[in-house]
Amino acid sequence: ASKEYEKAINMFKLAYDEKNNEEAESLIKQTEGFIELESFKREEPVDVIVNKCDEILSYKSKTTYIIDEVNIIKDEYSTKLDEIIKNRELLNQRMDDIESNYINNEQFEESIDLLEQIRRELKPYIDVDIDINYVSEYERCKELINKAEELRDGEYIDVDSILNEN
């Protein structure tokens, strides 16, 4: 499919060279962007794909084939992005709840169990190169587990409060 798009680009460039046509320039940019978008779908995070779609959609033309395809891709990836954002918010809320309701109330074993469960849920999304990446949430979960274990074992030192006292 990429070769067909490259042929189309060459035809648009020829038309552009002959007429200095704004329509041909827009079609060239749309088609080049679409080729790039196809590779982005294999290599880039969801938000980058959505931004590339917006860029392509900014090139106006009378021909709508590429625009129609890009709108379909944008809808699909916007939905994925919304799901990722929602899942991150829910994960962080769960960890906030565990910290405030369990760790801060000295229920260390319960907090460790709940955090280990979250860590197991996140593990499949850590060591793979996919659109959905929860590394920061995974790291936060590990930090909370360490905090709960150190508090349980009497080894926790709250560096922030010590620094704030001085």
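Residues numbered from 1 in each chain as written. Predicted model: local features only at pLDDT ≥ 70, side-chain atom pairs only at ≥ 80, totals over all residues. Heavy atoms only, no water.

S.K.: Mind showing me how you'd approach the pattern of salt bridges here?
M.R.: Opposite charge on two side chains allows them to pair when their charged atoms are near. For the structure on display, the rule yields 15 salt bridges. Ionic pairing is found between Arg-140 and Glu-99, a salt bridge with its closest N-O pair at 3.9 Å. Note that Arg-140 is positioned in helix α6 (residues 135–152) and Glu-99 in helix α4 (residues 65–103), a separation of 41 residues in sequence. Arg-152 is the partner of Asp-153 in a salt bridge, and the nearest nitrogen-oxygen pair spans 3.0 Å. Using a relative accessible area of 37% as the deciding quantity, one classes Arg-152 as partly exposed. Linked by salt bridges that have partners in common, Asp-96, Glu-99, Arg-140 and Lys-147 make up one network. (Salt bridge = Lys/Arg side-chain N within 4 Å of Asp/Glu carboxyl O. Helix = DSSP H or I, 4+ residues; strand = E, 2+ residues; numbered from the N terminus. Buried < 20%, exposed > 50% of the residue type's maximum accessible area, 1.4 Å probe, protein only.)

S.K.: Sorry if this is basic, but what is going on with the layout of surface pockets here?
M.R.: Rolling a probe over the atoms, with the probe sized like a water molecule, indicates the empty space that remains. As a volume, the second largest pocket reaches approximately 170 Å³. Residue lining of the second largest pocket: 11 residues in total, with Asn-87, Leu-91, Leu-122, Tyr-125 and Tyr-134 positioned closest to the centre. At the level of secondary structure, the elements contributing two or more residues to the lining of the second largest pocket comprise α4 and α5 (108–122). Broken down by element, the lining of the second largest pocket gets its largest block of residues, six residues, from α4. Of the residues assigned to the lining of the second largest pocket, the class counts are seven nonpolar, one polar and three charged. (1 Å grid on protein atoms, 1.4 Å probe; cavity = no way out; pocket = protein on both sides within 12 Å on 5 of 7 lines; lining within 4 Å. Points joined across faces, edges and corners; volume = space filled by probe spheres on them. Nonpolar A, V, L, I, M, F, W, Y, C, P; charged D, E, K, R; others polar.)

S.K.: Where do I start with helix α2 (residues 22–43) in this structure?
M.R.: Working note: α-helix, 3.6 residues per turn, so residues spaced by three or four point in the same direction. In this model, α2 (22 residues) spans 31 Å end to end at C-alpha, consistent with the 32 Å of a helix rising 1.5 Å per residue. Among the residues of α2, those classed as buried are Ala-24, Ser-26, Leu-27, Ile-28, Gln-30, Thr-31, Gly-33, Phe-34, Leu-37 and Phe-40. (Expected span 1.5 Å × (residues − 1).)

S.K.: Honestly, the packing of α5 against α6 in this entry has me stumped. Any pointers?
M.R.: The angle between the axes and the distance between the axes are what describe a pair of packed helices. Close contact between α5 and α6 brings their axes to 9 Å; oriented N to C, the two are set at 160°. As summarised for this structure, α5 and α6 are arranged roughly antiparallel, according to the angle between their axes. For the pair α5 and α6, the crossing hand works out as left-handed. When α5 is examined against α6, the residues Phe-108, Glu-109, Ser-111, Ile-112, Leu-115, Glu-116, Ile-118, Arg-119 and Leu-122 are found in contact with a partner set consisting of Glu-137, Tyr-138, Cys-141, Lys-142, Leu-144, Ile-145, Ala-148, Glu-149, Leu-151 and Arg-152. (Axes fitted to C-alpha atoms, helices over the stretch in contact; angles between N-to-C directions. Parallel < 35°, antiparallel > 145°, perpendicular 65-115°, else oblique. Left-handed = near helix turned anticlockwise from the far one by under 90°. Contact = heavy atoms within 4.5 Å.)

S.K.: What should I look at first to understand the environment of Tyr-59 in this one?
M.R.: Take Tyr-59: it is sitting in the loop between α3 (46–57) and α4. Take Tyr-59: its relative accessible area is 21%, and that puts it in the partly exposed class. Separated by 33 residues in the primary sequence, Tyr-59 and Ser-26 have C-alpha atoms spaced 5.4 Å apart. Among residues more than four places away in sequence, those in contact with Tyr-59 are Ser-26, Lys-29, Gln-30 and Ile-67. Only 3.4 Å separates the side chain of Tyr-59 from the side chain of Glu-55, close enough to count as a polar contact. (Polar contact = N/O pair within 3.5 Å; in protein donor to acceptor, adjacent residues only side chain to side chain.)

S.K.: What exactly am I supposed to notice about the nonpolar core here?
M.R.: In globular proteins that are soluble, nonpolar side chains generally tend to be buried together. Membership of the largest hydrophobic core comes to 31 residues, with the highest contact counts inside it found for Leu-37, Ile-49, Val-70, Ile-73, Leu-115 and Ile-118. Contributions of two or more residues to this core are made by α2, α3, α4, α5 and α6. Sort the elements by how many residues they give to this core and α4 lands first, with 10 residues. Look past the residues within four positions of Ile-49 in its chain and what remains in contact with it is Leu-37, Phe-40, Lys-41, Glu-44, Ile-73 and Tyr-77. (Core = buried A, V, L, I, M, F, W, Y, C linked by side-chain atoms within 4.5 Å.)

S.K.: Help me understand the side chain of Glu-137 in this model?
M.R.: Assignment of secondary structure puts Glu-137 in helix α6. Residue contacts for Glu-137: discarding those within four places in its chain leaves Arg-88, Leu-91, Asn-92, Met-95 and Leu-122.

S.K.: What should I look at first to understand α3 in this one?
M.R.: Relative to the 16 Å expected for 12 residues at 1.5 Å per residue, α3 spans 17 Å between its end C-alpha atoms, a close match to the ideal helical length. Every buried residue of α3 is accounted for by Val-46, Ile-49, Val-50, Lys-52, Cys-53, Ile-56 and Leu-57. Angularly, the buried residues of α3 cover 160° about the axis, an arc narrow enough to put them on a single face. Buried residues in α3 make contact with α2 and α4. (Arc of directions from axis to C-beta.)

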